[in-house]
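# Examination of the molecular architecture
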Amino acid sequence: MLIRGRLDQSNRGIGFDVDGVARFCLMANAASGMAVHDDCKLKFLELKAKRTYRFIVYKIEEKQKQVVVEKLGEPAESYEDFSASLPSDECRYAVYDFDFVTEENCQKSRIIFIAWSPDTAKVRSKMIYASSKDRFKRELDGIQVELQATDPTEMGLDVIKSRSN
C-alpha cells in the first residue's frame, strides 16, 4: 500500500509504503482507470522515427486495466489491410502512417490517430474508450491528424486525404 509519493507527467512515480521502502508505481488514468503499456509508446516511436510499421492497432485489456498493442502493420501493407484489421463490433485506437503527394508534387507523410468506435460495439466499451482517449493520445507525441470513426466510410482514404492537406 502506497502512503505518499510523487508522479511525473506519464503517471510514473516513486511511492513509499508503510515501512518507508521506496516502490515504483504506474498509476492508471484517473478518468477510466486505464494505464498505457510502455510497448505502446515504443512501437509508436518506431513508426514515427524509423518508419518500421505502416500502422499500429491498440486495444484496451479491461482485466489488466491497460492499453496494449494488438497488431503491427508491416511497411508494405496497404490501407485496406489496415481497415480490415479493425474489428467490426469492437472499439480500438489506431495510428496510421499516411504517405501522399501534394499538388506541388512533394512527397509527404502524416501520422493519423483513429478512435474506432463502431455503432455495433457494446456501450460499456464505447464509454471506456471515449474516457481514455485523450490521456492515451497524449502519450503518443507526434500525431498530426485525429479522426473519430463509427463506420468505415468515416475513415475512408478520401477522408484521410482531405484531412491530411
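First, a word on what this report is: a plain description of the structure on this page.

Cut-off values and rules
Residues numbered from 1 in each chain as written. Predicted model: local features only at pLDDT ≥ 70, side-chain atom pairs only at ≥ 80, totals over all residues. Heavy atoms only, no water. Helix = DSSP H or I, 4+ residues; strand = E, 2+ residues; numbered from the N terminus. Buried < 20%, exposed > 50% of the residue type's maximum accessible area, 1.4 Å probe, protein only. Contact = heavy atoms within 4.5 Å. Areas by Shrake-Rupley, 256 points an atom, 1.4 Å probe, with all protein chains shown as cover. Salt bridge = Lys/Arg side-chain N within 4 Å of Asp/Glu carboxyl O. 1 Å grid on protein atoms, 1.4 Å probe; cavity = no way out; pocket = protein on both sides within 12 Å on 5 of 7 lines; lining within 4 Å. Points joined across faces, edges and corners; volume = space filled by probe spheres on them. Nonpolar A, V, L, I, M, F, W, Y, C, P; charged D, E, K, R; others polar. Phe/Tyr/Trp six-rings, centres within 6.5 Å; stacked < 30°, edge-to-face > 60°. Core = buried A, V, L, I, M, F, W, Y, C linked by side-chain atoms within 4.5 Å.

Now for the overall build of the protein chain. Secondary structure summary: the protein chain contains four helices and nine strands in total. Each helix (α) and strand (β) of the protein chain, taken in turn from the N terminus, gives the series β-β-β-β-α-β-β-α-β-β-α-β-α. The 165 residues of the protein chain split such that 41% are buried. In the protein chain, of all internal contacts separated by at least 6 residues, the share reaching a separation of at least 24 is 54%. Surface accessibility of the protein chain: about 9,600 Å² in total, with carbon and sulfur atoms responsible for 51%.

Moving on, we get to the pattern of salt bridges. Across all of its chains, the model carries 12 salt bridges by this definition. The closest approach of N and O atoms between Asp97 and Arg51, which form a salt bridge, is 2.9 Å. Taken together, the residues span a long stretch of sequence, with Asp97 in strand E7 (residues 92-101) and Arg51 in the loop between helix H1 (38-50) and strand E5 (55-61) at a distance of 46 residues. What you see here is one network of salt bridges that share partners, running through Asp38, Lys41, Arg135 and Glu139.

Time to look at the layout of surface pockets. The probe, sized like a water molecule, is rolled over the atoms to show the empty space still left. Each pocket or cavity is described by its volume, and for the largest pocket that value is around 230 Å³. Lining the largest pocket are Lys59, Ile60, Glu62, Asp89, Glu90, Cys91, Arg92, Ala121, Lys122, Arg124, Ser125 and Tyr129. Elements with a minimum of two residues in the lining of the largest pocket: E5 and helix H3 (123-139). Of the residues forming the lining of the largest pocket, the biggest block, three residues, is contributed by H3. Each residue belonging to the lining of the largest pocket can be placed in one class, and the counts come to four nonpolar, one polar and seven charged.

The backbone of Arg51 sits at a positive phi, close to 55 degrees, despite the residue not being glycine. The backbone of Asn105 sits at a positive phi, close to 65 degrees, despite the residue not being glycine. Here Asn105 lies in the loop between E7 and strand E8 (107-116).

What follows covers the packing of aromatic side chains. All chains considered together, the criterion is met by 10 aromatic pairs. For the pair Tyr79 and Tyr96, a centre-to-centre distance of 5.0 Å together with 90 degrees between the ring planes defines the contact as edge-to-face. Highlighted residues: Tyr79 in helix H2 (residues 79-84) and Tyr96 in strand E7, separated in sequence by 17 residues. Each member of the pair, Tyr79 as well as Tyr96, is classed as buried. The structure contains a cluster of three or more aromatic residues connected by ring pairs, namely Tyr58, Tyr93, Phe113, Tyr129 and Phe136.

Ranked by internal contacts, the top residues of the largest apolar core, which has 21 residues, are Tyr58, Tyr93, Val95 and Phe136. Among the elements of the structure, H1, E5, E7, E8 and H3 are those that each provide at least two residues to this core. Judged by nonpolar contacts, the second largest core, of 17 residues, contains Val57, Tyr79, Leu86 and Val145.

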